[in-house]
Amino acid sequence: MITITNDKIDILSLSLGQLENEITTLGEKKFRAKQVFEWLHLKRITTFEEMTNLSRQFRTILEERFCIKSLFIVKRLESNIDNTVKYLYRLSDGNYIETVLMSYNHGNSLCVSTQVGCKMGCKFCASTIAGFKRNLLPSEILLQLYETERNSEQKVSSIVLMGIGEPLDNYDNVLRFLNLVSSKNGTNLSLRHLSLSTCGIVPKIYELADLKLGLTLSISLHSANNASRSEIMPINDKYDIYELIEACKYYFKVTGRRISFEYALIDKHNDSREHSKQLQRLLQGLPCHINIIPVNKIKERNYSSTRKSAAVFQNYLTSLGLNATIRRTLGSDIEAACGQLRREQENI
Ligand code: SAH
């Protein structure tokens, strides 16, 4: 395992305002910070050497005080079926994360990780089985976009925070990432093209709503009653289904953004007509969309479902007036189920 320790500031994690502070402290003019920021986030250079509109002396000072982080591609798997590309990246401390580039009619979407591992313990999820290592830095979330665009030579038009980790358990760094990726002096991605997926950390949903960032909130619901949700998602013992739905109603009221619910269909667990009726009662009055995902098999568990049972469940829901689609299976030939590549690499 490679460990790089240094006491330099991670410059890619700094907002323009923070960079201005740092640079004026160094005795330089404030406008220099904008130049540096644009080199990093617009031109996406990877060394201070390349910042050719700055004096050599200033570049040396920057080099001494800051570091520009990077990601290393360890594996790149491209689907022969649908052009999905899955990256296994190594971070500078030797940890691994996964990023998936998916192509849709409306453009490319990028699924990024927010933590190394996960604490949430969802029973069906490969990312959480070996536990949690650490939060990703804002720069490490951002670099998944920069490195993937560079390597694939494709432009990403939307981002989903749905890779390894629970974004609301790394709230501050995720907010700093959102600020960076939507910066007018950088990538300038409208947060309307970004979805954040959570297993349901209720207090953070309220905080996020109040920020009115315009992003889509995706809730990993997977079940419409407390007993069966708690069986597969430990977070439900902390914030139950009714508290979660209250928070979703608040999010909609404050932001006007329709909520998206993820529903991983598991045979004999949450796929009956009765389950669909419970879902209808639970979601009554909340403008939302339900995304049915046939559960991806992982080796530790016996959970399974088929596209056929997903179609049956979708019919139940639509006949009850709910808005439901089945998630397209992308990259089925490249183990696109989240967390599996990292586990193979680390042997965990
Ligand atoms: N922690 C966040 C985001 C990461 S998981 C969350 O819980 O939403 C991204 C999505 O994949 C979640 O909806 C999660 O429940 C789902 N997921 C994880 N493992 C899965 C599997 N084996 N099959 C289907 N969906 C899975």
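Below or above, wherever it landed, is the structure these notes cover. Nothing here was measured: the structure is a model prediction, and the numbers come from that model.

This next bit is on helix H5 (residues 171-181). Among all positions in H5, only Tyr171, Asn173, Val174, Phe177, Leu178, Leu180 and Val181 are buried. Against helix H2 (31-41), strand S8 (132-135), helix H4 (138-152), strand S9 (156-161), strand S10 (194-198) and helix H6 (202-211) lie the buried residues of H5.

Quick look at the site of the ligand now. In the region of the ligand, 15 residues are neighbours, and Phe124, Ser197, Ser220, His222 and Asn296 sit closest. The contact in question runs from a nitrogen atom of the ligand to an N or O atom on the backbone of Phe124, over 2.9 Å. Coverage of the ligand by the protein amounts to 92% of the 530 Å² it exposes when considered alone. Residues belonging to the shell around the ligand are distributed by class as follows: six nonpolar, seven polar and two charged.

Tallied over the full model, the rule gives 15 salt bridges. The residue Glu22 makes a salt bridge to Arg65 at a minimum N-O spacing of 3.3 Å. Highlighted residues: Glu22 in helix H1 (residues 16-25) and Arg65 in helix H3 (residues 56-65), separated in sequence by 43 residues. Across the salt bridge formed by Arg32 and Glu28, the nearest N and O atoms sit 3.7 Å from each other. Given the relative accessible area of 21%, Arg32 is considered partly exposed. Residues joined by salt bridges that share partners form a network here, namely Arg44, Glu149 and Lys155.

Our next topic: the side chain of Ser276. Residue placement: Ser276 occurs in helix H10 (residues 273-283). By relative accessible area, which is 1% here, Ser276 ends up buried. Within the local environment of Ser276, its side chain forms a polar contact with the backbone oxygen of Arg273, the two atoms lying 2.5 Å apart. With sequence-adjacent residues up to four places away left out, Ser276 is seen in contact with Phe313, Tyr316, Leu317 and Leu320.

Our next topic: the packing of H6 against helix H9 (residues 241-255). In a packed pair of helices, the relevant descriptors are the angle between the two axes and the axis-to-axis distance. Remark: H6 packs on H9, axes separated minimally by 9 Å, with the N-to-C direction vectors making an angle of 5 degrees. Here H6 is positioned roughly parallel relative to H9, judged by the angle of their axes. In contact with Val202, Ile205, Tyr206, Leu208, Ala209 and Asp210 of H6, H9 contributes Glu243, Leu244, Glu246, Ala247, Tyr250, Tyr251, Val254 and Thr255. A per-class count over the contact of H6 with H9 returns ten nonpolar, one polar and three charged.

Reading the values: rules and limits
Residues numbered from 1 in each chain as written. Predicted model: local features only at pLDDT ≥ 70, side-chain atom pairs only at ≥ 80, totals over all residues. Heavy atoms only, no water. Buried < 20%, exposed > 50% of the residue type's maximum accessible area, 1.4 Å probe, protein only. Helix = DSSP H or I, 4+ residues; strand = E, 2+ residues; numbered from the N terminus. Contact = heavy atoms within 4.5 Å. Near = heavy atom within 4 Å. Polar contact = N/O pair within 3.5 Å; in protein donor to acceptor, adjacent residues only side chain to side chain. Areas by Shrake-Rupley, 256 points an atom, 1.4 Å probe, with all protein chains shown as cover. Nonpolar A, V, L, I, M, F, W, Y, C, P; charged D, E, K, R; others polar. Salt bridge = Lys/Arg side-chain N within 4 Å of Asp/Glu carboxyl O. Axes fitted to C-alpha atoms, helices over the stretch in contact; angles between N-to-C directions. Parallel < 35°, antiparallel > 145°, perpendicular 65-115°, else oblique.

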